[in-house]
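Summary of structural features
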Amino acid sequence: MKTFMTTTALSVAGAAVLAMGISEQSLAQSAVQEATDELLALGEKTYMRECVACHGAEGDGEGPGKYILSEKPRNFQLATYKFRSTPSGDVPLPEDLFKTITNGLQGNGAAMPAFASLSEDERWGLVHYIIQLGGIEDEEPEAIEVPAEPEITEARLANGADVYNRLKCATCHGDDGWGDGPSSLTLKNDAKEQVYPTNIAIGIFKGGTSGVELYKRIATGLDGSPMPSYADEASPDEIWDVVHYTLSLVEK
Ligand code: HEC
Ligand code: HEC
């Protein structure tokens, strides 16, 4: 019992450190800029210089660089996005795209560089340019509500473990989060390519490692990938508990 308590206390501390966002990159906060003709032209110019090699001149994900990547570059014409603040099936907020472009995507087969060195105008131009490539400029996406992050307690962490079991996260991610669950070698994305569940223990998440980002991933799913949305299966409290449990699986 004593050992159990010690381990739990350690993981509570670990989850708390991670939840505070140790490696959260620049938060990419910048007021949304409207899609003017000028900004779109800047976006197109920047796209042709920085993005074509992977995402292709038409935005179809068929750039020459696609062969060196195990996770294929996004086809912007389909407008299906993984890293959103919006419900499953909805288009992302412009802010979501701005964040992806600023921070890039690392881990689990993805290798998209961060573009934080581009000016804010160039990044907002890119956001509107790829929104246009997907023909979704008239949509009005709305963010889901993310309740304030609760304090991590042992009881809530234990509940998070129960939720992880009940929602069968381990089927894909494995009991210890190593990405080695029984279904892990059988998963395909919408394009019918084989993909693998994230090894949670490594602690590198494409959409960011803060509690709020993980809440969004679990509540809204990663559209186009086998990772489902759990908004209909778990209460906000349960989602927060499983977020903190997931962070406690990251190896220190
Ligand atoms: C070295 C190749 C590479 C370059 C260069 C690159 N990307 Fe990507 N990008 C990728 C890959 C690979 C993915 C898919 C990653 C995944 O699904 O895990 C991706 C995905 C994305 C996504 C989808 C995020 C989501 O929520 O699904 C956006 C948006 C994006 N890229 C924008 C850009 C923009 C804009 C540029 C140019 C400034 C760019 N990328 C340059 C490789 C690249
Ligand atoms: C059907 C299989 C499946 C189930 C069930 C599943 N996941 Fe995933 N999950 C995936 C796949 C595949 C990815 C990788 C997506 C990618 O990298 O593009 C992923 C990615 C993730 C990520 C990384 C997100 C990021 O930003 O990189 C986290 C965290 C995660 N899942 C947590 C969970 C939790 C918690 C549960 C249960 C509530 C769960 N998953 C259930 C398949 C699954």
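This text goes with the structure placed above it.
Below or above, wherever it landed, is the structure these notes cover. (Residues numbered from 1 in each chain as written. Chains lettered and ligands numbered in written order. Predicted model: local features only at pLDDT ≥ 70, side-chain atom pairs only at ≥ 80, totals over all residues. Heavy atoms only, no water.)

What follows is about the site of ligand 2. The environment of ligand 2 is formed by 24 residues, the closest being Lys82, Cys169, Cys172, His173 and Met227. Lysine 82 places a polar side-chain atom, nitrogen or oxygen, 2.6 Å from an oxygen atom of ligand 2. Between glycine 207 and ligand 2, the recorded distance is 2.9 Å, taken from a backbone N or O atom to an oxygen atom. Because more than half of its atoms lie within 2 Å of the grid, ligand 2 is assigned to the largest pocket. (Near = heavy atom within 4 Å. Polar contact = N/O pair within 3.5 Å; in protein donor to acceptor, adjacent residues only side chain to side chain. 1 Å grid on protein atoms, 1.4 Å probe; cavity = no way out; pocket = protein on both sides within 12 Å on 5 of 7 lines; lining within 4 Å. Sits in = over half its atoms within 2 Å of the grid points.)

Note on the iron atom of ligand 1: its protein donors are His55 (NE2) and Met112 (SD). The metal-donor distances range over 2.0 to 2.2 Å. One way to put it: the six donor atoms around the iron atom of ligand 1 meet at angles of 85 to 179 degrees, and that makes the site octahedral. Residue histidine 55 is found in helix H3 (residues 52–55), and its partner methionine 112 is found in strand E2 (residues 110–112); the two are separated by 57 residues along the sequence. What makes histidine 55 buried here is its relative accessible area of 11%. (Donors = N, O, S within 2.8 Å, 3.2 Å for Na, K, Ca; no water. Tetrahedral: all angles 85-135°; square planar, octahedral: opposite > 155°, others 65-115°. Helix = DSSP H or I, 4+ residues; strand = E, 2+ residues; numbered from the N terminus. Buried < 20%, exposed > 50% of the residue type's maximum accessible area, 1.4 Å probe, protein only.)

Around ligand 1 sit 25 residues, and of these Cys51, Cys54, His55, Lys82 and Met112 come closest. One of the side-chain nitrogen or oxygen atoms of lysine 206 is found 2.7 Å away from an oxygen atom of ligand 1. Cavity membership is defined here by more than half of the atoms lying within 2 Å of grid points; on that basis ligand 1 lies in the second largest pocket. Split into classes, the residues belonging to the shell around ligand 1 amount to 17 nonpolar, two polar and six charged. (Nonpolar A, V, L, I, M, F, W, Y, C, P; charged D, E, K, R; others polar.)

Turning next to the coordination of the iron atom of ligand 2. Looking at the iron atom of ligand 2, the protein donor atoms are His173 (NE2) and Met227 (SD), and they sit 2.0 to 2.1 Å from it. Given six donor atoms and angles of 88 to 178 degrees at the metal, the environment of the iron atom of ligand 2 is assigned as octahedral. You can see histidine 173 sitting in helix H7 (residues 170–173) and its partner methionine 227 sitting in the loop between helix H8 (211–220) and helix H9 (236–248), a full 54 residues away along the chain.

On to the layout of surface pockets, then. Computed from the structure, the largest pocket encloses a volume of approximately 1000 Å³. Around the largest pocket, the lining comprises 48 residues; the ones closest to its centre are Lys82, Leu222, Ser225, Pro226 and Met227. Elements supplying a minimum of two residues to the lining of the largest pocket: H7, H8 and H9. When the residues that make up the lining of the largest pocket are grouped by side-chain class, the tally is 22 nonpolar, 13 polar and 13 charged. Both domain 1 (7–17 + 146–248) and domain 2 (37–133) contribute no fewer than three residues apiece to the lining of the largest pocket. Taken as a whole, the second largest pocket holds about 490 Å³ of empty space. What lines the second largest pocket is a set of 26 residues, and nearest its centre among them are His55, Arg74, Phe76, Leu105 and Met112. (Points joined across faces, edges and corners; volume = space filled by probe spheres on them. Domains from an automatic or database assignment.)

Core analysis: the largest hydrophobic core is formed by 25 residues, its most contacted members being Tyr47, Tyr81, Leu97, Ile101, Leu126, Val127 and Ile130. Elements with a minimum of two residues in this core: helix H2 (37–50), helix H4 (94–103), E2 and helix H5 (120–133). With six residues, H5 is the largest single contributor of residues to this core. Residue contacts for tyrosine 47: discarding those within four places in its chain leaves Val52, His55, Gly56, Ala57, Gly59, Phe76, Leu126, Tyr129, Ile130 and Leu133. (Core = buried A, V, L, I, M, F, W, Y, C linked by side-chain atoms within 4.5 Å. Contact = heavy atoms within 4.5 Å.)

Let us now look at H8. With nine of ten residues buried, H8 lies mostly within the body of the structure. All of the buried residues in H8 are Gly211, Glu213, Leu214, Tyr215, Lys216, Arg217, Ile218, Ala219 and Thr220. Count one or two residues on from H8 and you reach glycine 221, which has phi positive near 70 degrees.

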